[in-house]
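The primary structure of each chain is shown beneath.
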Amino acid sequence: MKGLKNPLNYWLPIYQINTKMRIAHFLAQSCVETANFSSLTEHAKHGGMEYEPSTKTGKTVGNKYPGDGPKYVGRGMLHLTGRENYDTYGKILHKNLIKDPNTVANDLDIAVRTACEFWKKKLVNRYADKDDIRSVTYVVNGGYNGLSQRQSALERIKKEMGIY
């Protein structure tokens, strides 16, 4: 995806994603979440209906109203998902992401910053520092979806970065 280099170079150090191992884990998770950096909007299996308030997942991500599922699908580097997250991270960034959720995918600065804020809030660096892909994946994904792809991405990135 074109244009991510500058926001990543700017924001990662500010959020203490500043060692090779931390950067490798952040990029590996982002690689899988964004389908190899091809899209900053999730291609939800059921168009986002799986996140409707009537579903367990929808409740978990704080969706309240019919239509919230498709409206607040995952966007950004680590796929911010759900009304509650859009509201929370919008307030942190002083942006109304509830009103315009597409900002998270369309503004590369916001795509990176929401991911960095999430990473910081969830203390993911502690797992990245231990090279604990399972824990990083669980925190980022809420489960282990795509764990093997995340492991492969991490191995490729670590090799490119000279981490052994």
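Here the structure is shown first, and the text comes after it.
Calculation rules
Residues numbered from 1 in each chain as written. Predicted model: local features only at pLDDT ≥ 70, side-chain atom pairs only at ≥ 80, totals over all residues. Heavy atoms only, no water. Helix = DSSP H or I, 4+ residues; strand = E, 2+ residues; numbered from the N terminus. Buried < 20%, exposed > 50% of the residue type's maximum accessible area, 1.4 Å probe, protein only. Areas by Shrake-Rupley, 256 points an atom, 1.4 Å probe, with all protein chains shown as cover. Phe/Tyr/Trp six-rings, centres within 6.5 Å; stacked < 30°, edge-to-face > 60°. Lys NZ or Arg CZ within 6 Å of the ring centre and 35° of its normal. Salt bridge = Lys/Arg side-chain N within 4 Å of Asp/Glu carboxyl O.

Draft legend 1. How the structure looks around the overall build of the protein chain. The helix and strand inventory of the protein chain stands at 10 helices and zero strands. Counting from the amino terminus, the protein chain carries its helices and strands in the arrangement α-α-α-α-α-α-α-α-α-α. Its C-alpha atoms give the protein chain principal-axis dimensions of about 50 × 30 × 25 Å. The buried share of the protein chain, reckoned over its 164 residues, is 49%. As displayed, the protein chain offers around 8,800 Å² of accessible surface, 50% of which is attributable to carbon and sulfur atoms.

Draft legend 2. The packing of aromatic side chains, seen in detail. Throughout the structure, instances matching the rule amount to five aromatic pairs. For the ring pair Trp-11 and Tyr-15, a centre distance of 6.1 Å and an interplane angle of 50° mean the geometry is tilted. Note on Trp-11: relative accessible area 11%, which makes it buried. Given the relative accessible area of 8%, Tyr-15 is considered buried. By the ring-pair criterion, three or more aromatic residues cluster together here, those being Tyr-10, Trp-11 and Tyr-15. The aromatic ring of Tyr-144 is capped on one face by Arg-134, whose charged end is 4.2 Å from the ring centroid.

Draft legend 3. Broad picture of the pattern of salt bridges. Overall, the coordinates contain five salt bridges when judged by the stated rule. Notably, a salt bridge pairs Lys-91 with Asp-87, separated by 3.2 Å at the nearest N-O pair. With a gap of four residues between them, Lys-91 and Asp-87 both fall in helix 5 (residues 83-93), about one helical turn apart. Overall, Lys-91 belongs to the exposed group, its relative accessible area being 58%. For Asp-87, a relative accessible area of 31% puts it in the partly exposed group. Of the charged contacts, one joins Lys-158 and Asp-131 as a salt bridge, the two residues approaching to 2.7 Å between their closest N and O atoms. Here Lys-158, found in helix 10 (residues 147-161), pairs with Asp-131, found in the loop between helix 8 (125-129) and helix 9 (133-141); they are 27 residues apart in sequence, far enough to count as distant.

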